Amino acid sequence: MLNFPLINNSPSKYILPAKVCHPAAKRSVPTFTSCSGDVKDPDGNLLYRINTRLFRTDLMWDDFADFLFEKYKNEEKVNVICHACSAGYEPYSLASLLKVRYGEGADKFLPIKAKDIDKDCIEMAQKGLLNINMAERMYAEFCLNGQFLKYFKKLSGDVKEEKVQVTDELRQNVLFEMSDIKDSKKEISKDNTVLFFRNVWAYLDTGDIVDLAGRLAANMKNNSLLIIGEWDKEYGIDKLIEAFGFRETHIMNVYEPPGNSIKTKIRANIIAKKLKAQLPSGQLCSVCAKDSLKNIIKNSDNDFSANA
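Everything numeric in this text was worked out from a predicted model, so none of it was measured. (Residues numbered from 1 in each chain as written. Predicted model: local features only at pLDDT ≥ 70, side-chain atom pairs only at ≥ 80, totals over all residues. Heavy atoms only, no water.)

Asks: Explain the overall build of the protein chain here, please?
Replies: When helices and strands are counted, the protein chain shows 12 helices and 14 strands. Burial status across the protein chain gives 53% buried among its 308 residues. A separation of at least 24 residues holds for 78% of the contacts in the protein chain among residues at least 6 apart in sequence. Summed over its atoms, the accessible surface of the protein chain is roughly 13,400 Å², and 50% of this surface lies on carbon and sulfur atoms. (Helix = DSSP H or I, 4+ residues; strand = E, 2+ residues; numbered from the N terminus. Buried < 20%, exposed > 50% of the residue type's maximum accessible area, 1.4 Å probe, protein only. Contact = heavy atoms within 4.5 Å. Areas by Shrake-Rupley, 256 points an atom, 1.4 Å probe, with all protein chains shown as cover.)

Shown next, in the form of structure tokens:
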């Protein structure tokens, strides 16, 4: 297992302030463990955890790939962005899957733009050195129709855990850079945008979560997609984005936005103000999300509908 307790103290506008969970909070940890570590501020306060792996099992990868190609079969270019990309496992998963399944037909989705606020993660991702375990390798082989070694070269390790190098061909299809999703308004406003922002929402301050959901609802076109993670749902993020008009497709954790009409923008502002007025500050936790966020949204459904 690749463990790296990082101290995110480099001079950068992306450095995060220390966060405080709500009182009596109990936080769960995403169950993705091939690449993991805690990111702390210079005083040792936890900012967020890095937990990632190839082909995370909270996305139906085969069905998702088919869905993408059917949805965008008549489009010349699709803008795929993976925010909070960590050490690159997820964008490399998607790029290799698309290449294996559709060959040159995948070019309209590539290169994937992969972004993260953590300099160390971006540097690791650009190197393309990944640690994977046996179960991860087996599932990756399944997703890639037995062509895993075409894109991931084994360097060392045994059957239980191995280190692999992403091939040059695959690395050329993923562009990494430091960036915050808050700075991506122009990109997410483009037609045919597929936005990954998965298993990270709960690390944001509640006000930032509400602002982000409102901003995505108000700016994403109705021909775009938002992909979240199963861990996000533990914190009520699915209910939150649904309150802003997102609707889950038949693919688990894949959502269609309401579209960036004037009506949607007005509604998003109304919802954001109501939620921010009722939610306490700080990071979300599973206890607070279930006791506060979900109930607030449930009790406010009529108000949201009346102002729609």
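Next comes the rest of the account.
Asks: Explain unusual backbone geometry to me, please; I cannot follow it from the model alone.
Replies: Cis geometry is found at the peptide bond from Leu-110 to Pro-111, where omega equals -5°. With respect to the helices and strands, the residue Pro-111 is situated in the loop between α2 (89-102) and β6 (112-116). Positive phi is not limited to glycine here, since Ser-86 has a value of about 55°. One non-glycine residue with positive phi stands out, namely Asn-253, at about 75°. Mapped onto the fold, Asn-253 is located in the loop between β13 (247-248) and β14 (254-256).

Asks: Please explain the environment of Lys-221 as it appears in this structure.
Replies: Secondary-structure assignment places Lys-221 in the loop between α8 (206-219) and β12 (225-227). Along the sequence, Lys-221 and Asn-192 sit 29 residues apart, while their C-alpha atoms lie 7.4 Å from each other.

Asks: Would you mind showing me how to read the nonpolar core here?
Replies: For soluble globular proteins, the rule of thumb is that nonpolar side chains tend to be buried together. Grouped together as the largest cluster of nonpolar side chains are 48 residues, with contacts concentrated most on Phe-64, Phe-152, Val-194 and Phe-196. Leave out the neighbours within four places in its chain, and Val-194 touches Phe-64, Leu-68, Tyr-72, Val-78, Asn-79, Val-80, Ile-81, Leu-225 and Ile-227. (Core = buried A, V, L, I, M, F, W, Y, C linked by side-chain atoms within 4.5 Å.)

Asks: I keep staring at the sheet that holds β14 and nothing clicks. Help me out?
Replies: Think of a sheet as strands paired side by side through backbone hydrogen bonds, with each pair either parallel or antiparallel. Spatially, the seven strands line up as an open sheet ordered β10-β6-β5-β11-β12-β14-β13, and their pairing is mixed. The open sheet has two edge strands, β10 (174-178) and β13, and neither has a second partner. In the packing of helix α3 (residues 119-127) onto the sheet, the strands contacted are β6 and β10, and the crossing angle to β10 comes to about 160°. (Pairing = 2+ DSSP bridges. Axes fitted to C-alpha atoms, helices over the stretch in contact; angles between N-to-C directions.)

Asks: Teacher, can you tell me more about the packing of aromatic side chains here?
Replies: Given two aromatic rings, their pairing is described by the distance between the two centres and the angle made by the two planes. Considering all chains together, one arrives at 11 aromatic pairs under this definition. With centroids separated by 3.4 Å and ring planes inclined at 25°, the aromatic side chains of Phe-69 and Tyr-102 adopt a geometry described as stacked. Here Phe-69 is found in helix α1 (residues 61-71), whereas its partner Tyr-102 is found in helix α2, with 33 residues between them in sequence. Among the residues examined, Tyr-102 registers a relative accessible area of 25% and is labelled partly exposed. Summarising the aromatic geometry, the rings of Phe-148 and Phe-152 are spaced 4.8 Å apart at their centres and angled 20° between planes, so their arrangement reads as stacked. Look at Phe-148 and you get buried, because its relative accessible area is 0%. Residue Phe-152 is classed as buried on the basis of its relative accessible area of 0%. Through a chain of ring-to-ring contacts, the aromatic side chains of Phe-69, Tyr-72, Tyr-102 and Phe-109 assemble into a single cluster. (Phe/Tyr/Trp six-rings, centres within 6.5 Å; stacked < 30°, edge-to-face > 60°.)

In short, the description is geometric, and any link to function would need to be established separately.
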